[in-house]
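The primary structure of each chain is shown beneath.
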Amino acid sequence: MAEYEGGCLCGAVRYRTDAAPVNERICHCRLCQKAIGAAFNARVLFRIDDVTVEGPWATVYTSPDLKRGFCPNCGTTMFSRRDSAGTIGLTTGSLDDPSLFRPQMHIWTASKQPWVMLDDGLPQYEGAPPA
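Everything quoted here is computed from the prediction, not taken from an experiment. (Residues numbered from 1 in each chain as written. Predicted model: local features only at pLDDT ≥ 70, side-chain atom pairs only at ≥ 80, totals over all residues. Heavy atoms only, no water.)

Participant: Outline the sheet that holds strand β8 (residues 77-82), supporting the account with residue identities and numerical values.
Facilitator: Within a sheet, adjacent strands bond to each other through the backbone by hydrogen bonds, running parallel or antiparallel. The strand order across the open sheet built from seven strands is β6-β7-β8-β9-β4-β3-β10, with neighbouring strands paired in mixed fashion. Here the strands that pair on one side only, and so sit at the sheet edges, are β6 (58-63) and β10 (105-107). On average, each strand axis in the sheet is inclined to that of its neighbour by 30 degrees, with strand direction left out of account. In terms of strand pairing, strand β4 (residues 41-47) meets strand β9 (residues 87-91) through five bridges, oriented antiparallel. (Pairing = 2+ DSSP bridges. Helix = DSSP H or I, 4+ residues; strand = E, 2+ residues; numbered from the N terminus. Axes fitted to C-alpha atoms, helices over the stretch in contact; angles between N-to-C directions.)

Participant: Outline the pairing of strand β1 (residues 4-7), listing residues and values.
Facilitator: Sheet topology note: the β1/strand β2 (residues 14-17) ladder contains four bridges and is antiparallel. From the neighbouring strand, G7 faces β2, where its bridge partner is R14. Count of turn residues in the β1/β2 antiparallel hairpin: six residues, of which G11 carries a positive phi of about 85 degrees.

Participant: Residue-level account of the packing of aromatic side chains, with values.
Facilitator: Taken as a whole, this structure holds two aromatic pairs when the rule is applied. An angle of 65 degrees between the planes, with centres 5.1 Å apart, marks the rings of Y4 and F46 as edge-to-face. With a gap of 42 residues between them, Y4 in strand β1 and F46 in strand β4 connect regions that are remote in the sequence. Accessibility assignment for this pair places Y4 and F46 in one class, buried. Between W57 and F79, the aromatic rings sit 5.2 Å apart at their centres with planes inclined by 75 degrees, giving edge-to-face as the arrangement. You can see W57 sitting in the loop between β5 (52-54) and β6 and its partner F79 sitting in strand β8, a full 22 residues away along the chain. (Phe/Tyr/Trp six-rings, centres within 6.5 Å; stacked < 30°, edge-to-face > 60°. Buried < 20%, exposed > 50% of the residue type's maximum accessible area, 1.4 Å probe, protein only.)

Remember that the coordinates give geometry; whether it matters functionally is a separate question.
Printed below as a string of structure tokens:
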């Protein structure tokens, strides 16, 4: 099993897990675009209890049940956390080895930027993925 490790740009916050991901997907919603500062949020989803986060991290709610974790020193967004579902999505940009990411789908493609071309053959969902 791959070990996922990562952290923020300044190194003050680190996370790790050796659990198997729940899923790996690319979200094109406007909330992710704004929070990440990019056209999409590529993330690896795990159960919250399987991920250890160390350092002085902070959170902000970007929707009623989703909070995003970031470093208060350098501002790097490292995860999104949905306590109601018991999941945490690690941003692939904050992984030490982003090549571990194996996307399974694109979600919220209705909000995809028009200059992003999706030709990777992965399933695409205009909104949330099926349960």
